[in-house]
Amino acid sequence: MSIDWTSYDATRAWDELVTPDGASRPGADSVMRVLAGLSPEELAERKAAADVAIRAMGITFTVYSEDEDGGPAQIDREWPFDIVPRLVLKHEWDEVARGLKQRVKALNAFIDDVYHDQRAIRDGLVPADHILKSREFRQECIGIDPPHGVWSHVCGTDLVRDENGRLLVLEDNLRVPSGVSYMLENRAVMKRVFPELFEDYIIHPVDDYPLALAACLRSLAPGQDTMPVVAVLTPGIYNSAYFEHAYLAQTMAAELVEGPDLFVGDDDCVYMKTIAGVQRVDVIYRRIDDLFIDPEAFREDSILGVPGLMRAWRAGNVALANAPGCGVADDKVIYSYVPDMIRYYLAEEPLLANVPTYRCVEKQHRDFVLDNLDRLVVKPANESGGYGLLMGPMATHAERDAFARSIRANPRNYVAQPMISLSTAPTLTDGRVEARHLDLRPFILSGADTYVTTGGLTRVAMRKGSMVVNSSQGGGSKDTWVVEVEPSAGEASSAAGAGGRGEAGSSAGDVT
Amino acid sequence: MKKAVSAAPGPATPAGQARAAGGKRDILSRVAERVYWLGRYIERVESTARLVTVTSNLLMDLPVRLPLGWRPLIDITGSGPLFDSLFDEASEYNVCRFLISDARNPGSIIRSIEGVRENARTVRETMPRVTFEYVNDLHHFARSQLPPGTSRRRRREALDGVGSRVHQFEGFLSRNMLHDAHWTFLRLGNQLERADMTTRTIDVGSADLLAPGHDLEPFHEARWRSVLISLYAMQSYHAAVGQPVSRGPVLEFLLRAGNLPRSYARCLAQMRSSVRDLPRNRRPMRNCNTAIVALANADVAGLEGPALRAFMDECQQHLGRIHDSIAQTWFDFQPKPDPKKGKLAS
């Protein structure tokens, strides 16, 4: 049996392609028609073609597990990809992109403030402890002036769409966000597998990203050299994002370097070892966590980093992207202050809303969270990859009790949010399409200029009902199309900026 | 008044931009090392696959009672002690398993392909992207088609498949890869491995494999034929030499022919020309020259018995010294910032 859209259930959450009564959303009609026109064999063939393309292109990510003897092991898995695209309308995306630029601008202003005058603390915007006691606050960065006042040059912001179709910011990944190469590869796979779909649409290309990233990184170089040497610093082939590091270096024509390829000379400049001798490096896009970049400054046991790198950076002889210390704003407690930051630093109203967030460190919020654990999602302030969460409604009593104890013991370490029912999109599962939950991670570049990806990486929870989209935990992905539709093509899906501003629903401030 | 430079249309990709504006860039030492090993592994995959196939064919031509078997393959690949620690007998099954699919043998085809893949992964940003697809395909193919105990017929097809995938990969690179220093190191790895295989094959072939005092006169020169065939050089030999197969002309041909891609002389000449293209090449250049001179001064056709074996040993040592000087010059050097070379601090 071919795909039967009448049996598709789009009522469990906001669906990206299908309305609750089974009609197509603006722009989605062609995709639905083409899919419905394929026989089950053809559909299976397309799916297989996508798998073959992914395998042949070597699009992999690494998962860590245990081998038969319980030792550490890693497996290179082929990237899980769903052939049904996710659509975003161009005019909605333009609004979102403006909101993202605004957000990252405010975040960079905040980080720069943290390492300079700390007006945010003096003026009571964010309590001093939240900043100065953050695990990601780096004393070593105080007083440093990175080019353009930018600290987080590459930011990956996770967006979710709620039951009402509104896009909300779930978190900002300011340290070393990954995933952009998969966004680019998804498009390449889609073109191989479904070339005919591209005839019906004006789909905005995504492949200008490497060019934009290269320009962004070059704009950070010290000195006047028009063609500075840019290097991507990777932990090596055993890192889960190595594929991406190699991909970006290749498409930017940058050097892909590992720590031992570099050294800092007596002149506090960074050099790489080449067959002809040594070559000065101007900009390093580091894909290694702060604490590992320089064993002289941070973790002595790091073999991934380069001794003296912080010295060279402080002397202004090399640019580091993202700048060390920028993680101070990559914290789910700090996240809850971003709408206030936008008002404070930019004197603007936020264009994109946060998910309401309760800070357990504040007594009022904490009491509310502890009383409502069965309705909330509790997150550690500093983890990424979807680890360490409590999904209140799904959790057992014992799990909730354990979290309650952790929250009381270390309230600064936790925030809570209402359970957002993430939007869904049709996803191929065993020869039929079913609704699966998803999110969206666009990437924002900041250097001399600001740039936002066209769409971003859509991650899908492949298990029915699951809201965990992380690839390390069984998530997949979809190609994300930013499409133009005729202005007459019916009602626009609710734009991000259309609803309330700053916080969705009740503000985190009024808990009671 | 003439403007110095008019605005030229920009290249379409950032890659093009960087190359165009930045000019020639020197490659990282680590990358050079990886590409060099990639070249060595890919050559090893091809030559091992060829050895197994050719030996299977050869053995079908020989009478069963001839005590010439699969053992020479183990000796050619220089893995005797390891093989003996794992197997009791150099049977077809054991030798093929050991050389093709045995993960315990670092020189097996499957391990060499893993070496290719690992090195290709590390340098994937420096090679045309599609070549990584070829490498992946080679890996998946070998893993699925060459399990231990594959029948002769299936084995032959699969080994041919490995060979043609290697040729596809090399052919694509040769036609499409920028022939820059990456290419030079890749070729250097190819040539060194190839020279190594040629000299090993001659070395093993020169040993009296036939039991002494045998009465198999028609097979007297069989070992030289098998050496030629193992190196895919029989047809070339007939075309270029035009004499019956015998020790003197075969040695002359395999060691000194300037037009045989696999001859020792040709490999040395190619290595020398690769080395000449690279910076700071004094020591590797000197070692290449020494090996070339030693070959030129040898009475190749007159080499026989212990003298031949000693000469092949000497060739192996020359290759070892060339490899060491390549590694010391370009891979493992201790850097010092040179203010004239690097840009000065701004």
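Thresholds, definitions, all that
- Residues numbered from 1 in each chain as written.
- Chains lettered and ligands numbered in written order.
- Predicted model: local features only at pLDDT ≥ 70, side-chain atom pairs only at ≥ 80, totals over all residues.
- Axes fitted to C-alpha atoms, helices over the stretch in contact; angles between N-to-C directions.
- Helix = DSSP H or I, 4+ residues; strand = E, 2+ residues; numbered from the N terminus.
- Parallel < 35°, antiparallel > 145°, perpendicular 65-115°, else oblique.
- Contact = placed C-beta atoms within 7 Å.
- Nonpolar A, V, L, I, M, F, W, Y, C, P; charged D, E, K, R; others polar.
- Pairing = 2+ DSSP bridges.
- Buried ≥ 20, exposed ≤ 12 C-beta atoms within 10 Å, placed from the backbone.
- Domains from an automatic or database assignment.
- Core = buried A, V, L, I, M, F, W, Y, C linked by C-beta atoms within 7 Å.
- Left-handed = near helix turned anticlockwise from the far one by under 90°.

### What to know about the packing of helix α3 (residues 90–114) of chain A against helix α11 (residues 338–346) of chain A
Residue and element names in this part refer to chain A. The contact between α3 and α11 brings their axes to 9 Å, and the two run at 80°. Judged on the interaxial angle alone, α11 and α3 are roughly perpendicular. Across from Q102, R103, K105, A106, L107, A109 and F110 in α3, the residues of α11 making contact are V338, M341, I342, Y345 and L346. Taken together, the residues of the contact of α3 with α11 break down into 9 nonpolar, 1 polar and 2 charged.

### Section: the sheet that holds strand β14 (residues 358–359) of chain A
All names here are of chain A. Taken together, 4 strands build an open sheet; the order of strands is β14-β17-β15-β16 and the sheet is antiparallel. If you trace the sheet from one side to the other, it starts and ends with β14 and β16 (390–391), each paired once. Where strand β15 (residues 376–380) lies against strand β17 (residues 414–418), 5 bridges are found, and the strand directions are antiparallel. Across the sheet, the residue bridging to L376 is P418, located in β17.

### Section: the pairing of strand β22 (residues 457–461) of chain A
All names here are of chain A. For β22, a buried count of 5 out of 5 residues is recorded, marking the element as mostly surrounded by other parts of the structure. Across the two faces of β22 the burial is the same, with L457, R459 and A461 and T458 and V460 all buried. Where strand β19 (residues 432–441) and β22 come together, 4 bridges link them in antiparallel fashion. Residue pairing for β22: D439 is matched across the bridge by R459. Pairing of β22 with strand β23 (residues 475–483) involves 4 bridges; the strand directions are antiparallel. Residue pairing across strands places T458 opposite K478, the latter belonging to β23.

### What to know about the domain arrangement of chain B
By a frequent convention, interface size equals the accessible area lost on bringing the separate parts together. Residues and elements named next belong to chain B. Each assigned domain of chain B is listed here: domain 1 (26–177) and domain 2 (178–209 + 219–332). The C-alpha-based centres of domain 1 and domain 2 are spaced at 20 Å. Each partner contributes to the interface: domain 1 provides 27 residues, whereas domain 2 provides 26 residues. Breaking the side of domain 1 that touches domain 2 down by element, the ones donating at least two residues are α2 (29–61) and α3 (71–76). For the side of domain 1 that touches domain 2, the element with the most residues is α2, which contributes 16 residues.

### Structural notes on the nonpolar core
Among the nonpolar cores identified, the biggest contains 237 residues, and A231 of chain A together with A32 and I109 of chain B are the most heavily contacted of them. Among the elements that line this core, the one with the most residues is α2 of chain B, at 12 residues.

### With respect to the packing of helix α9 (residues 181–206) of chain B against helix α13 (residues 264–276) of chain B
Residues and elements named next belong to chain B. It is the contact of α9 with α13, at a shortest axis distance of 9 Å, that shows an interaxial angle of 160°. Judged by the angle between their axes, α9 and α13 are roughly antiparallel. Relative to α13, α9 is oriented so that their crossing is left-handed. Where α9 abuts α13, its residues T184, R187, L188, Q191, L192, R194, A195, T198 and T199 lie against Y264, C267, L268, Q270, M271 and S274. Classifying every residue of the contact of α9 with α13 gives 7 nonpolar, 6 polar and 2 charged.

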